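# Chain and residue survey
What follows is the residue order along each chain.
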2 protein chains.
Amino acid sequence: MNLTGELLIGRQSVRGTHGEIRAIDPASGETLAPAFGGATRAQLDQACALAAQAFDGYRETPLAQRAALLEKIAANLLALGDALIARCVSESGLPRARIEGELGRTMSQLRLFAGVVRRGDFLGLRIDPAQPQRMPLPRVDLRLRHIALGPVAVFGASNFPLAFSVAGGDTASALAAGCPVVVKAHPAHPGTSELVGRAIQKAVEELGLPEGTFSLLFDSGLEIAQGLVSDHRIKAVGFTGSRAGGTALMQLAAARSEPIPVYAEMSSINPVLLFPHALGNRADAIGKAFAASLTLGAGQFCTNPGLILAVDGPDLERFLAAAEAAIAQIPASTMLTPGIHRAYGAGVETLGCHPQVSTVARGQAGAQYQGQAALFSTTAQAFLEHEALRAEVFGAASLVVRCPDLATMQRVVESLEGQLTAAIHIDEADYDTARSFLPALERRVGRILVNGFATGVEVSHAMVHGGPYPSTSDGRSTSVGSLAIARFLRPVCYQDMPAALLPQALRAGNPLGLAVRVDGEMQPGHQPVAHTG
Amino acid sequence: MNLTGELLIGRQSVRGTHGEIRAIDPASGETLAPAFGGATRAQLDQACALAAQAFDGYRETPLAQRAALLEKIAANLLALGDALIARCVSESGLPRARIEGELGRTMSQLRLFAGVVRRGDFLGLRIDPAQPQRMPLPRVDLRLRHIALGPVAVFGASNFPLAFSVAGGDTASALAAGCPVVVKAHPAHPGTSELVGRAIQKAVEELGLPEGTFSLLFDSGLEIAQGLVSDHRIKAVGFTGSRAGGTALMQLAAARSEPIPVYAEMSSINPVLLFPHALGNRADAIGKAFAASLTLGAGQFCTNPGLILAVDGPDLERFLAAAEAAIAQIPASTMLTPGIHRAYGAGVETLGCHPQVSTVARGQAGAQYQGQAALFSTTAQAFLEHEALRAEVFGAASLVVRCPDLATMQRVVESLEGQLTAAIHIDEADYDTARSFLPALERRVGRILVNGFATGVEVSHAMVHGGPYPSTSDGRSTSVGSLAIARFLRPVCYQDMPAALLPQALRAGNPLGLAVRVDGEMQPGHQPVAHTG
């Protein structure tokens, strides 16, 4: 498939006429063909109008058809074969194996949501049957289901050009919920976006779904992003990116005449707590594992371990020595974009030049746009006093905070903002100490992991990739895993509605065989859950 | 129990020293004793500090203990007996039977949530067991539960001095979720608030729970309300009141350095759609039932039928004649506060004086602070053109929109903002027509009811009392019914956590016997659900 540089608006492919975007191969610094036309306001309007027109039809598609759409998108992505992988590698600078793995994850996300849709539990069906004999007043018949919020704006993320971009987690969960999607492509990978967008566009057509179910726009500036979030037909936003970007979208959404939910996954330094016995017994091993996690994918993960907390002393020195030795061997690697590389350099310089910070280790130096890993250390007192030491440095940089004792380490934890994850490294003798840290961690993170690092996010049912502000805009939800579908739903109750008008899922006799809560008691579903590939 | 006019801060009763509030009996216009002291900023700070201290302990109380708290509050309310009923009647001007009924509802809400807590489904437990043999990478063990958001600020509502005030739905659902509550009492019923607050304070003490689990503040101005929503220890807000009030809280919450969710139930005109065959067959009966719903409780319900849509013609005239005759018989009734009475008068005057509006009926005139019912009519064209005709008039006022045909009626529906409810009156011959209206109604309301009126909100599992903005600030939730507990929860995932550190509910063997989703499949709970009274 040849790239055209066109917008995908419903069934059409049209040239955007508001400026141009070109991808850069960060490994070579070269500009890649073709030029992608930025959308005009009129083209944005057309995509939103189509999405609004598609909404009522799309949200009422039979569950099997909606599941088939998600599976068809996965199949169409696979069919793109090497063209997709190669373009994605060129545009992201990420290694081929990583992109292959990410494509697999993207397809398995789509299939996970296909299974969720078929199962139908996400509808959250509830029935409180009428009680005509109840005294003093009869009880009405009440039936509840969840319906889709409306058209959703999805912003592609730079660091997951497949798994959190055009057909990524936000798109999959929104489509699963019954929401049409308008994607604003990330300018770093427009070619990947077009290829993936065409795979979705084709799937929508193959399944005979309303054409506005999906559109893909390129933005030559910020106008389309802003216009999309402000458009009255858009009812929710999914975003993964910087704190500044996410906060700007939150403000736009709150300022609308009808405010809408924004699900922005923004920034996190993912504290890692090394407890005394674990550190005493395994300082070397933890140090090596940490270095590997820190530098994976040039550190360009939301879950990168950016902060290490431990009690100062010889065991921590051993950890630092092991980490230093490992990091020193690690070659620089290409970062996603020149802008990210520049910001990483600036962040590293800010930390490195801070009077209260020492440089522990640097990775190997590299070529243009390559990030050189960096490990720093500071004292708990300095960390508590200097706001600048808390900022996320997106990339393979981390700061070790030397705490004089566990009580101070606890104070440092209590000083942290909301985070996606926290990792604790513990041996059995640490359990009692660790237990006293858990409440503070639960209050400020979405996932607590033990004896591991958070890079590597399992896409499953019990995953939470979310957390209190500012790690996300809305800590009540997750952006990874099947629970993400809940973000795009709202409850609607039908009172005394005749069967002929009720949604099929709520009719007497449970014709769809879905799980339903009757008078508060859960009745499991009884339909066969079809194989979802 | 004698009223003291004191604030309840944790276990203490202390005099607020920032101004005074006095209740007015709207039936007599007389000021009631005692004077209630408004809280100072320092007292607000103390309540928030106690709530924050209580949070970790309270949210981890055994489910049975938390359920017992809710039941104890209900029992303590009942024990207040006539003192509570009499004071509440004096402060609200509502009839005694209504207040007795509302107390019953308040107690049954508390017991409903006690049952929800015991059942434990609200924890949304999920387990994806480890797969150590999985290729190419082993799968980690993931376990998810929902935890409470943190201390919640609850604003008492004027129109439900028991059921949506100090121990009302917001407090019950927040306490059920595991959130400490700081209530800002509504100034219209401070005595009722103190009595109810003491019943809660006593229950917290009787159950041996952390003292900051509950506090009650009076506000002599707006400072405590604003300070509460802005306090960094408050993590969510529950509010029922005006659009202006709710919007102000939303803006305060969005402007915090850590934005928090606001659940504001604000305004709704609750469209009633009369379809041709139903109107043809039952115009008189519907007209009479409408008049009764309109004037119930002086029309002071969020679900009051403020807008009637029908095709113009003789059947509509019969409906109007029946409604007019019924309304003309209805005595004026005392409104909740002088302010609400004044606003009602102004709203009625605005409608009545509008050049495009005709007055159809007025109820009987009354004494000071009594509301006189009012029914108006206008044309679809005028309604579509004049924004002023869409404003909620809180009280027994309603506007009939004469539509030339069903297509115009559909356009009027599509022009409406978000609403709590919509009612459709249909006979079987209307079903096909009504079906074509349902998507537009689903998109903009939380509850669709058939052949009834929305006043009278069943407190059960399948109820939705919510809807898209501006009927509420957050259409993804309900403020009535057991699903309301979801508003105060967020998911936390535990990865590879040893059993000794896991929350009990997530340990192997399901020691609490709760429902849990394993690898996406729901496993029902197996604990006996204790009788909850």
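Our structure is the block above this text.
Residues numbered from 1 in each chain as written. Chains lettered and ligands numbered in written order. Predicted model: local features only at pLDDT ≥ 70, side-chain atom pairs only at ≥ 80, totals over all residues. Heavy atoms only, no water.

Further remarks concern the overall build of chain A. From N to C terminus, chain A includes 14 helices and 25 strands. Compactness check: chain A gives a C-alpha radius of gyration of 25 Å against a globular reference of 24 Å for 533 residues, within 12% of the reference. Projecting the C-alpha coordinates of chain A onto the three principal axes gives extents of approximately 75 × 65 × 45 Å. Within chain A, residue pairs in contact and separated by at least 24 positions form 76% of the contacts whose partners lie at least 6 positions apart. Split by element, the accessible area of chain A, about 17800 Å² in all, is 54% carbon and sulfur. Averaging the coordinates of the 43 positive side-chain charges in chain A and doing the same for the 47 negative ones gives two points 5 Å apart. (Helix = DSSP H or I, 4+ residues; strand = E, 2+ residues; numbered from the N terminus. Rg over C-alpha atoms; globule rule 2.2 N^0.38 Å. Contact = heavy atoms within 4.5 Å. Areas by Shrake-Rupley, 256 points an atom, 1.4 Å probe, with all protein chains shown as cover. Lys, Arg positive; Asp, Glu negative; His and termini not counted. Charge placed at Lys NZ, Arg CZ, Asp CG, Glu CD.)

On to the environment of Ala291(B). Residues and elements named next belong to chain B. Inspection of the secondary structure puts Ala291 in helix α8 (residues 276-295). By relative accessible area, which is 0% here, Ala291 ends up buried. Remark: the alpha-carbon pair of Ala291 and Ala244, spanning 47 residues in sequence, is separated by 28 Å. Ignoring any residue separated from it by four or fewer positions in sequence, one finds Ala291 in contact with Ala323, Ala326, Ile327 and Ile330. (Buried < 20%, exposed > 50% of the residue type's maximum accessible area, 1.4 Å probe, protein only.)

Residue and element names in this part refer to chain B. Between the first and last C-alpha of α8 there are merely 25 Å, a value that for 20 residues lags more than 12% behind the 28 Å anticipated at 1.5 Å per step. In α8, a bend of some 90° at Arg282 exceeds every other bend along the element. Buried within α8 we find Ala278, Leu279, Ala283, Ile286, Gly287, Phe290, Ala291, Ser293, Leu294 and Thr295. Lining the buried residues of α8 we find β14 (271-274), β15 (307-311), α9 (314-329), β19 (374-379), β20 (397-403) and β21 (419-425). Immediately downstream of α8, the backbone of Gly297 shows phi near 55°, a positive value. (Expected span 1.5 Å × (residues − 1). Bend = angle between axes of the 7 residues up to and from the residue.)

Looking now at the environment of Asp128(B). Along the polypeptide, Asp128(B) turns up in strand β7 (residues 126-128). Owing to a relative accessible area of 0%, Asp128(B) belongs among the buried residues under this scheme. Each C-alpha atom of the pair Asp128(B) and Arg139(B) lies 8.9 Å from the other, and the pair is eleven residues apart in sequence. Only 2.5 Å separates the side chain of Asp128(B) from the side chain of Ser460(A), close enough to count as a polar contact. (Polar contact = N/O pair within 3.5 Å; in protein donor to acceptor, adjacent residues only side chain to side chain.)

When chain A is fitted to chain B, the residual RMSD is 0.0 Å, and the transformation amounts to a turn of 180° plus an axial shift of 0.0 Å. The relationship between the two copies is best expressed as a two-fold rotation axis. By residue overlap, the copies meet face to face through one surface: 100% of the interface positions of chain A are interface positions in chain B. (Least-squares fit on C-alpha atoms with pLDDT ≥ 70 in both.)

Moving on: the sheet that holds strand β10 (residues 181-184) of chain A. Residue and element names in this part refer to chain A. Spatially, seven strands are ordered β2-β1-β11-β10-β9-β12-β13 in an open sheet, and the strand pairing comes out mixed. Of all the strands in the sheet, just β2 (12-14) and β13 (262-265) have a single pairing partner and so form its edges. Here the strands of the sheet are splayed against their neighbours by 20° on average, with no regard to which way each runs. Examined bridge by bridge, strand β9 (residues 152-155) and β10 share four bridges and lie parallel to one another. Following the sheet pairing, Phe155 is matched in β10 by Lys184. Sheet contacts for helix α5 (residues 169-177): β9, β10 and β12 (236-240); angle to β10, the most-contacted strand, approximately 170°. (Pairing = 2+ DSSP bridges. Axes fitted to C-alpha atoms, helices over the stretch in contact; angles between N-to-C directions.)

Attention now goes to the pattern of salt bridges. Considering all chains together, one arrives at 70 salt bridges over all chains under this definition. Ionic pairing is found between Glu60(B) and Arg145(B), a salt bridge with its closest N-O pair at 2.7 Å. On the criterion of sequence distance, the pair formed by Glu60(B) in the loop between α1 (41-59) and α2 (63-92) and Arg145(B) in strand β8 (residues 142-148) is long-range, its members being 85 residues apart. Look at Arg145(B) and you get buried, because its relative accessible area is 8%. Where Glu91(B) meets Arg87(B), a salt bridge forms, and the shortest distance between an N and an O atom there is 2.7 Å. Of this pair, Glu91(B) and Arg87(B) both sit in helix α2, four residues apart, roughly one helical turn. Residue Arg87(B) is classed as buried on the basis of its relative accessible area of 12%. Salt bridges sharing partners connect three or more residues here, namely Asp56(A), Arg59(A), Glu60(A), Arg145(A), Glu414(B), Glu442(B), Arg443(B) and Arg444(B). (Salt bridge = Lys/Arg side-chain N within 4 Å of Asp/Glu carboxyl O.)

Next up on the list: the interface of chain A and chain B. Counting residues at the interface gives 71 residues for chain A, matched by 71 residues for chain B. When chain A packs against chain B, close to 6100 Å² is buried across both sides, 56% of that on carbon and sulfur atoms. Sorting the residues of chain A by area buried against chain B places Glu442(A), Arg476(A) and Leu501(A) first, and these three jointly supply 12% of that buried surface. Along the contact surface separating chain A from chain B lie 14 salt bridges. Between Asp121(A) and Arg517(B) there is a salt bridge; the shortest N-O distance is 2.7 Å. Applying the counting rule to chain A against chain B returns 48 residue pairs in polar contact (both at pLDDT 80 or more). Those elements giving two or more residues to the side of chain A that touches chain B turn out to be α1 (41-59), β7 (126-128), β8 (142-148), α14 (431-444), β22 (445-450) and β23 (489-495) of chain A. Of the residues in the side of chain A that touches chain B, the class split is 36 nonpolar, ten polar and 25 charged. Pairing between β22(A) and strand β23 (residues 489-495) of chain B: three bridges, direction parallel. (Buried area = accessible area lost by both parts, 1.4 Å probe. Nonpolar A, V, L, I, M, F, W, Y, C, P; charged D, E, K, R; others polar.)

A word on the packing of α1(B) against helix α6 (residues 223-230) of chain B. Residue and element names in this part refer to chain B. Between α1 and α6, whose axes approach to 10 Å, the crossing angle comes to 35°. Crossing geometry of α1 relative to α6 is assigned as right-handed. Taking contact as the criterion, the partners of Arg41, Leu44 and Cys48 in α1 are, on α6, Glu223, Ile224, Gly227 and Leu228. Residue composition of the contact of α1 with α6, by class: four nonpolar, one polar and two charged. (Left-handed = near helix turned anticlockwise from the far one by under 90°.)

All names here are of chain A. All told, the structure shown has zero disulfides over all chains when counted by the stated rule. Among the cysteines around Cys48, which has no disulfide bond, Cys179 carries the closest sulfur, lying 14 Å off. Since its relative accessible area comes to 1%, Cys48 is described here as buried. (Disulfide = S-S within 2.5 Å.)

What follows deals with the packing of aromatic side chains. Throughout the structure, instances matching the rule amount to 14 aromatic pairs over all chains. Ring geometry for Phe155(B) versus Phe239(B): centroids 5.9 Å apart, planes at 70°, classification edge-to-face. Here Phe239(B) lies in strand β12 (residues 236-240) and Phe155(B) lies in strand β9 (residues 152-155), a separation of 84 residues in the sequence. Seen in terms of ring centroids, Phe275(B) and Phe437(B) are 5.1 Å apart; in terms of plane orientation they differ by 90°. Their pairing is edge-to-face. Here Phe437(B) lies in helix α13 (residues 431-444) and Phe275(B) lies in the loop between β14 and α8, a separation of 162 residues in the sequence. Here the two residues Phe275(B) and Phe437(B) agree in accessibility, since each one is buried. Members of the aromatic cluster, joined through ring pairs, are Phe290(A), Phe319(A) and Phe453(A). Across the ring face of Phe55(B), the terminal group of Arg59(B) is positioned such that the distance to the ring centre comes to 5.0 Å. For Arg105(B), the ring lying beneath its charged end belongs to Phe160(B), and the centroid distance is 5.2 Å. (Phe/Tyr/Trp six-rings, centres within 6.5 Å; stacked < 30°, edge-to-face > 60°. Lys NZ or Arg CZ within 6 Å of the ring centre and 35° of its normal.)

Our next topic: the packing of helix α2 (residues 63-80) of chain A against α5(A). Residue and element names in this part refer to chain A. Closest axis-to-axis distance for the α2/α5 pair is 9 Å, and the angle between their directions is 155°. By the angle between their axes, α2 is roughly antiparallel relative to α5. Read as a crossing pair, α2 and α5 show a hand that is right-handed. Two secondary-structure elements touch here, α2 through Arg66, Leu69, Leu70 and Ile73 and α5 through Ala172, Leu175, Ala176 and Ala177. Looking at the contact of α2 with α5 residue by residue, the classes come out as seven nonpolar, no polar and one charged. (Parallel < 35°, antiparallel > 145°, perpendicular 65-115°, else oblique.)

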